[in-house]
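Letter by letter, the chains look like this.
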Amino acid sequence: MVKNIFIILLSILVILILCFLLYSFYIYFANIELFVLKTGAFVILFFTGLVIMRYMLLLFFSMLKILIKSSDENYESFENKDLRVTLIVPAYNEEVVIEKSIRSLLLQTYPNLEILIVDDGSKDRTYPLAKKYEFTKGLRSLKALTKKNGGKANAINYGIEHSTGNLIMVVDADSKLNDDAVELMVRYFQNPEIAAVAGSVYVSNQNNILTKLQALEYIEGLNMVRNGQAFLKLVNIIPGPIGMFRKDALYEVGLYDDDTFAEDCDVTLKLIMKGYKIDFEPEAVAVTEAPENLLDLIKQRYRWTRGILQAIKKHSSILWNFKKSFAASFTLWYMLFEAVFWPFIDIWSNLYIIYISLTHGYSILMFYWWSIFTVLDVTGALYCVLITGERLSLIIYAVYYRLFFVQIINIAKILSTIEEWFGIKMSWGKLERKGNL
Amino acid sequence: MNILSFLAMMILIITIITLIFGIIAYFLYKAREKKRAKNKKTLTYDEALNDIGSEYIFFE
C-alpha cells in the first residue's frame, strides 16, 4: 500500500517536472527566428512528446498489469501440473557456461519437465559435457542431442521435433533460471488465447560500469517495457534467455524460421499475426551474461538491430494492413519506431542542438534535453528497482545512462540500419563467454 | 556563469565527445571483426567433407 502511494506521488511529481522542462525547452525554441531551424525544433518537440507519452503509458500500464495480476485468483490458485513442459537449450560452443546452465535447470520446482540440450554442431566440448547430465526419473528427464551446425532457429526446431511436452520453453545456454521460473510461466497457459509468455532478463556479471548500465537497461528498457506491453498482451519480443510457447501454436506458424538474425522477434510476430496473445511474467527470471567490453556490446546490438529490421522487412506487408491484424500492424510500427525512427531522431536532435548552441549560444537547450530523458530514466529505474528488488545503486547509473550509453547504442543502431539498408553481408557474430553466470 | 549554464556546457561537450567516440567505436568493431574473419580460416572435418562433397577425406 505504502509502495503504491509512493509510486503514484512519484508519478505526479515526474509529470510536473517534465511539464516544466518541456515548457522551458519550448520557450528557448520559440526564440528561434529562422524557419528551417524552427521546423527542426518542431520535429524535436513532436518526437520528444511521443517518447514521453510512450514512456509514461508503459509505466502506467506496467502498474496496472501488476495490480491486475495481484487480484487474479485463477493465477494465484493454479495448481495443475498436467501440462508437460519441454525445456530446450540450443547450444553452440558453450562449454564455458553449459554446466552452470544445466545445474540451474535441474533445480526447477516444476515436476513435469523434460530438458533437451540441443548441441548445434559445436566445435568444443559442449555436447560431451551436456551428455554427462542425462537422466530419466519419473516425469523428469534430461537428454543431450547433437546435430550438424545449422543455426539457432534450426536447433530449436530440432528440439521441438524431439519434444514430448505440450509447452516449449526456450532458454539460452548462457542463462540461468530462478528455481520457480517454469512453474510461474505455466500458469498463463490456462488462457487458450495465450501462445507465449516472456520472462525477465537480468544481468549476472555486473562487474564494470558497462555491465551495470546494461543491467539498468535490462530492468528499465526491456523488463518494464515488456510489463507495460503485457497489459495489452502484446509483448513484441520473447527474449532468447527465457520464453515459453504453446507447442501447437508454434506448429501453426511453421516453427522458427532461419531467414532473420532475430528468430525470437520473428516467431513472436508470426504468433501475433495469427491473433494470439503474448504475456509476460516478471518474476520468472533468467540471469544472463552481458558483454563486458564496448566492442562486444556493439557487436550484440548490431545483430539485434539488423535482425529486428529483417523481421520487420519480412512482415512489412502487414505494416499498412490494419484491417488484417491491427495488433500486428501496431506492433510492427512500434518496433520500427524503437529500432529506426527514435535512434535517428535522437542523434539528429543532439546534432541540431549542438549546432544551435554553437551558432546561437543556446547551450542551455542541451541541459533541458538531457534533463527530460534523465528524469524519465531515473523514474523508470526507481520504479523498477522498487518492483524487482534490484540494487538501489543502479539508479545512480541512470544519470550516465543517457549521457554515454544511449548515444553509443543509438549510433550503432543507425550504422547497422544503414548496413541493412544496403544489404551488406553479416554473420551471426557469437559473443565470447566469460562464464560469469 | 551560473550553475545551469555551466552544466549545459559540460553536457554539450560530453555529448560531442560521446558522439565522436561512438562512431570511432563502431568502426573499430568493424575492423576487429574483419581481422578476426581473416584469421579464422580453419576448417572442421565436417566442413571439409561438405566442401569436397565426398564421403571420406584422405590425408597424405
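The coordinates are above.
Residues numbered from 1 in each chain as written. Chains lettered and ligands numbered in written order. Predicted model: local features only at pLDDT ≥ 70, side-chain atom pairs only at ≥ 80, totals over all residues.

Colleague: What's the story with the overall build of chain A in this structure? I'm lost.
Modeller: The secondary structure content of chain A amounts to 14 helices and 9 strands. Relative to the globule expectation of 22 Å for 437 residues, the C-alpha radius of gyration of chain A, 22 Å, shows essentially globular dimensions. (Helix = DSSP H or I, 4+ residues; strand = E, 2+ residues; numbered from the N terminus. Rg over C-alpha atoms; globule rule 2.2 N^0.38 Å.)

Colleague: Would you explain unusual backbone geometry in this entry?
Modeller: The general pattern is negative phi for most residues beyond glycine and trans for most peptide bonds. All names here are of chain A. Unusually for a residue other than glycine, N93 sits at a positive phi of about 50 degrees. Counting through the fold element by element, N93 comes out in the loop between β1 (85-91) and α4 (98-106). Positive phi outside glycine occurs at K233, with the angle close to 55 degrees. Topologically, K233 is positioned in the loop between α8 (209-231) and β8 (243-246).

Colleague: It is not clear to me how the packing of helix α13 (residues 364-388) of chain A against helix α14 (residues 394-421) of chain A should be interpreted in this structure. Could you clarify?
Modeller: The relative placement of two packed helices comes down to the angle between their axes together with the axis-to-axis distance. All names here are of chain A. At their nearest, the axes of α13 and α14 sit 9 Å apart, and the two run at 150 degrees to each other. Judged by the angle between their axes, α13 and α14 are roughly antiparallel. In this structure, α13 crosses over α14, and the sense of that crossing is right-handed. Within the contact between the two elements, α13 uses W370, F373, T374, D377, V378, A381, L382 and V385 and α14 uses L394, I395, A398, V399, Y401, R402 and L403. Taken together, the residues that form the contact of α13 with α14 break down as 12 nonpolar, 1 polar and 2 charged. (Axes fitted to C-alpha atoms, helices over the stretch in contact; angles between N-to-C directions. Parallel < 35°, antiparallel > 145°, perpendicular 65-115°, else oblique. Left-handed = near helix turned anticlockwise from the far one by under 90°. Contact = placed C-beta atoms within 7 Å. Nonpolar A, V, L, I, M, F, W, Y, C, P; charged D, E, K, R; others polar.)

Colleague: Where do I start with helix α6 (residues 152-161) of chain A in this structure?
Modeller: Two residues of an α-helix separated by three or four positions point the same way, owing to the 3.6 residues in each turn. Residues and elements named next belong to chain A. Within α6, 9 of the 10 residues are buried, which leaves it mostly tucked inside the rest of the structure. Of all the residues in α6, the buried ones are K152, A153, N154, A155, I156, N157, Y158, G159 and I160. Each element contacted by the buried residues of α6 is listed here: β1, β2 (113-120), β4 (140-147), β5 (167-170), α9 (247-252) and α10 (263-273). (Buried ≥ 20, exposed ≤ 12 C-beta atoms within 10 Å, placed from the backbone.)

Colleague: Sorry if this is basic, but what is going on with the interface of chain A and chain B here?
Modeller: How large an interface is tends to be reported as the accessible area lost when its parts come together. Facing the 22 residues of chain A at the interface are 21 residues of chain B. Elements with a contribution of two residues or more to the side of chain A that touches chain B: α11 (294-314), α12 (326-360), α13 and α14 of chain A. Top element by residues in the side of chain A that touches chain B is α14(A). It accounts for 7 residues. Here the residues of the side of chain A that touches chain B sort into 14 nonpolar, 5 polar and 3 charged.

Colleague: Could you clarify how one ought to interpret the pairing of β5(A) in this entry?
Modeller: Within a regular beta strand, the side chains point alternately toward one face of the sheet and then the other, so they alternate between its two faces. Residue and element names in this part refer to chain A. Burial of β5 is two-sided: the residues L167 and M169 facing one way and the residues I168 and V170 facing the other way are all buried. Pairing of β1 with β5 involves 4 bridges; the strand directions are parallel. Of the residues in β5, the one forming a bridge with I88 is V170. Bridging between β5 and β8 involves 4 bridges; their strand directions are antiparallel. Following the sheet pairing, L167 is matched in β8 by R246. (Pairing = 2+ DSSP bridges.)

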